[in-house]
Amino acid sequence: VSLPPARQVSPDLSVSFEFFPPKTAEMEASLWSAFQRLVPLEPKFVSVTYGAGGSTRDRTHQIVGRIRRESNVEPAAHLTCVGASRASLEEVIHAYQTIDVRHIVALRGDPVDGVGGTYAPHPQGFQTTADLVAAIRRAGDFEVSVAAYPEKHPESRDFDADIDVLKAKVDAGATRAITQFFFDNAHFYRYRDRLQKRGVEIPVIPGILPVTKFAQAARFAGQCGAEIPDWFAAHFDGLDEDPDTRRLVAASVVADQVLDLTANGVTDFHFYTLNRAELVYATCHMLGVRPATKEAA
Ligand code: FAD
């Protein structure tokens, strides 16, 4: 029996990982253990989210600072406009400069009354995310990433309006966009074509959410307007009480997703880790992204 060769992947792939600031000591241990497991894969950067309405301002800063001090990995700090004056955001930006953090993921944030509410800028705040991007670039030598939406943002009237907002962020100095997660790659490919037609030239990195808990993913998807394709739901159907099988299915689903993306020219991936390494590590392995040495692993 001759087996087909393993799928070829490009040697030039790069990955980045997103973590969130944990609430408890136990969750914090899980964050650092995931971080340690993933660092040998030499991510381009790792990012740390900013809790809704700026609720994790200090914790985000602490975690990003620790990554800067204790590792060789480039940290990126998320920062949102919602509920904050310009002065307080400039203070946060300055604080990152002081600890030599040079990459900020600039975001608007969700309305204070939650996803689906009505967003209003803070009276003394930035009117748009593009204004925040510009302020960060003015403040010093920062790399600025922003968010992008292959299925368009739920508040966008249409794709053109959505891409106008992304273009404004690029014009203000954003150098990379990271997408909201999606499960059907067709959305990403269509979006990439739309961006190309509109002359958006910065790298747009797919955000990959490996799913082990289907119900949780369906909730996230409902909030951010990401489609759950029928085939995707069918894969997880009947596995609510069977975590072992669910994990195996999850690994297969996400591997198929990223391998299809590489087959369609994608070379950079941003993983929403949810502070867990196992599935992300396995997916990177499938991509051919491995620790440089056995010792590092
Ligand atoms: P923007 O790019 O400013 O706008 C997004 C959409 O809002 C636009 O496409 C448009 O539809 C609408 N819009 C904005 N301005 C206007 C206008 N003037 N007129 C009409 N429509 C307008 N949230 C957090 O709280 N913390 C995080 O750490 C965080 N990290 C994220 C990371 C990534 C990669 C992504 C994709 C999202 C993240 N979010 C985070 C969620 C994000 O804050 C929400 O999706 C928010 O609703 C939009 O933020 P944005 O920066 O994309 O906004």
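Residues numbered from 1 in each chain as written. Predicted model: local features only at pLDDT ≥ 70, side-chain atom pairs only at ≥ 80, totals over all residues.

The name an unreviewed UniProt entry assigns to the protein is Methylenetetrahydrofolate reductase, from the organism Microbaculum marinisediminis. Word for word, the UniProt comment on the protein under Cofactor (unreviewed entry) is "FAD". According to its UniProt record, the protein has this under Catalytic activity (unreviewed entry): "(6S)-5-methyl-5,6,7,8-tetrahydrofolate + NAD(+) = (6R)-5,10-methylene-5,6,7,8-tetrahydrofolate + NADH + H(+)". (UniProt positions renumbered as here; feature names shortened; annotations may be inferred.)

Draft legend 1. Broad picture of the overall build of the protein. When helices and strands are tallied, the protein shows 10 helices and 8 strands. Scaling as 2.2 N^0.38, a compact globule of 297 residues should have a C-alpha radius of gyration of about 19 Å, and the protein matches this with 19 Å. Considering only C-alpha atoms, the protein reaches an extent of 70 × 45 × 40 Å along its principal axes. Taken across its 297 residues, the protein has 39% of its residues classed as buried. (Helix = DSSP H or I, 4+ residues; strand = E, 2+ residues; numbered from the N terminus. Rg over C-alpha atoms; globule rule 2.2 N^0.38 Å. Buried ≥ 20, exposed ≤ 12 C-beta atoms within 10 Å, placed from the backbone.)

Draft legend 2. Seen up close, the sheet that holds strand β7 (residues 204–208). Strands sit in the order β1-β2-β3-β4-β5-β6-β7-β8 around a closed barrel of 8 strands; the barrel is parallel. The mean angle between the axes of side-by-side strands here comes to 30 degrees, regardless of whether they run parallel or antiparallel. Inspection of the sheet shows strand β6 (residues 176–181) paired to β7 by 3 bridges, in the parallel sense. From the neighbouring strand, A177 faces β7, where its bridge partner is V204. (Pairing = 2+ DSSP bridges. Axes fitted to C-alpha atoms, helices over the stretch in contact; angles between N-to-C directions.)

Draft legend 3. Expanded view of the environment of A250. If you trace the backbone, A250 turns up in helix α9 (residues 243–263). For the pair A250 and G207, spaced 43 residues apart in the sequence, the C-alpha separation amounts to 16 Å. Setting aside residues up to four positions removed in sequence, A250 forms contacts with P210, V211, T212 and L279. (Contact = placed C-beta atoms within 7 Å.)

Draft legend 4. Layout of helix α2 (residues 57–70). Compared with an ideal rise of 1.5 Å per residue, which puts 14 residues at 20 Å, α2 spans 20 Å between its outermost C-alpha atoms and is within 8% of the ideal. Listing the buried residues of α2 in full gives T60, H61, I63, V64 and I67. On its buried face, α2 is in contact with β2 (46–48), β3 (75–80) and α3 (86–98). (Expected span 1.5 Å × (residues − 1).)

Draft legend 5. Representation of the pairing of β6. By the criterion of burial, β6 is predominantly enclosed, with 6 of the 6 residues buried. Relative to β6, strand β5 (residues 143–148) is paired through 4 bridges, and the arrangement is parallel. Following the sheet pairing, V146 is matched in β6 by A177. Viewed along the sheet, the connection from β5 through helix α5 (residues 159–171) into β6 turns out right-handed. Running through helix α6 (residues 185–197), the crossover from β6 to the neighbouring parallel element β7 is right-handed. (Right-handed = clockwise from strand over helix to strand, strands pointing away.)

Draft legend 6. Local environment of unusual backbone geometry. For D100, which is not glycine, the phi torsion reads 65 degrees and is therefore positive. Among the secondary structure elements, D100 is positioned in the loop between α3 and β4 (103–107). Judged by the 10 C-beta atoms lying within 10 Å of it, D100 is exposed.

Draft legend 7. Seen up close, the pairing of strand β8 (residues 268–272). The element β8 is largely enclosed, with a buried count of 4 among its 5 residues. The sheet contact formed by strand β1 (residues 14–19) and β8 spans 5 bridges and is parallel. The residue of β8 that forms the bridge with S16 is H270. Judged from the 2 bridges that link them, β7 and β8 form a sheet pairing that is parallel. When the sheet's bridge partners are listed, G207 is paired in β8 with H270.

Draft legend 8. Here's a closer look at the site of the ligand. Neighbouring the ligand are 22 residues; T49, H78, R108, T129 and S156 lie closest to it. Looking at the shell around the ligand, the element that brings in the most residues is α5, giving 3 residues. Of the residues that constitute the shell around the ligand, the class distribution is 7 nonpolar, 10 polar and 5 charged. (Near = placed C-beta within 6 Å. Nonpolar A, V, L, I, M, F, W, Y, C, P; charged D, E, K, R; others polar.)

Draft legend 9. Here's a closer look at helix α1 (residues 25–38). In this model α1 runs 20 Å from its N-terminal to its C-terminal C-alpha over 14 residues, within 8% of the 20 Å that 1.5 Å per residue would give. Every buried residue of α1 is accounted for by L31, A34, F35 and L38. Axial view of α1: buried residues confined to an arc of 100 degrees, hence all on one face. Projecting away from the buried face of α1 at angles above 90 degrees are the exposed residues A25, E26, A29 and Q36. Those residues of α1 that are buried lie in contact with β1 and α10 (278–287). (Arc of directions from axis to C-beta.)

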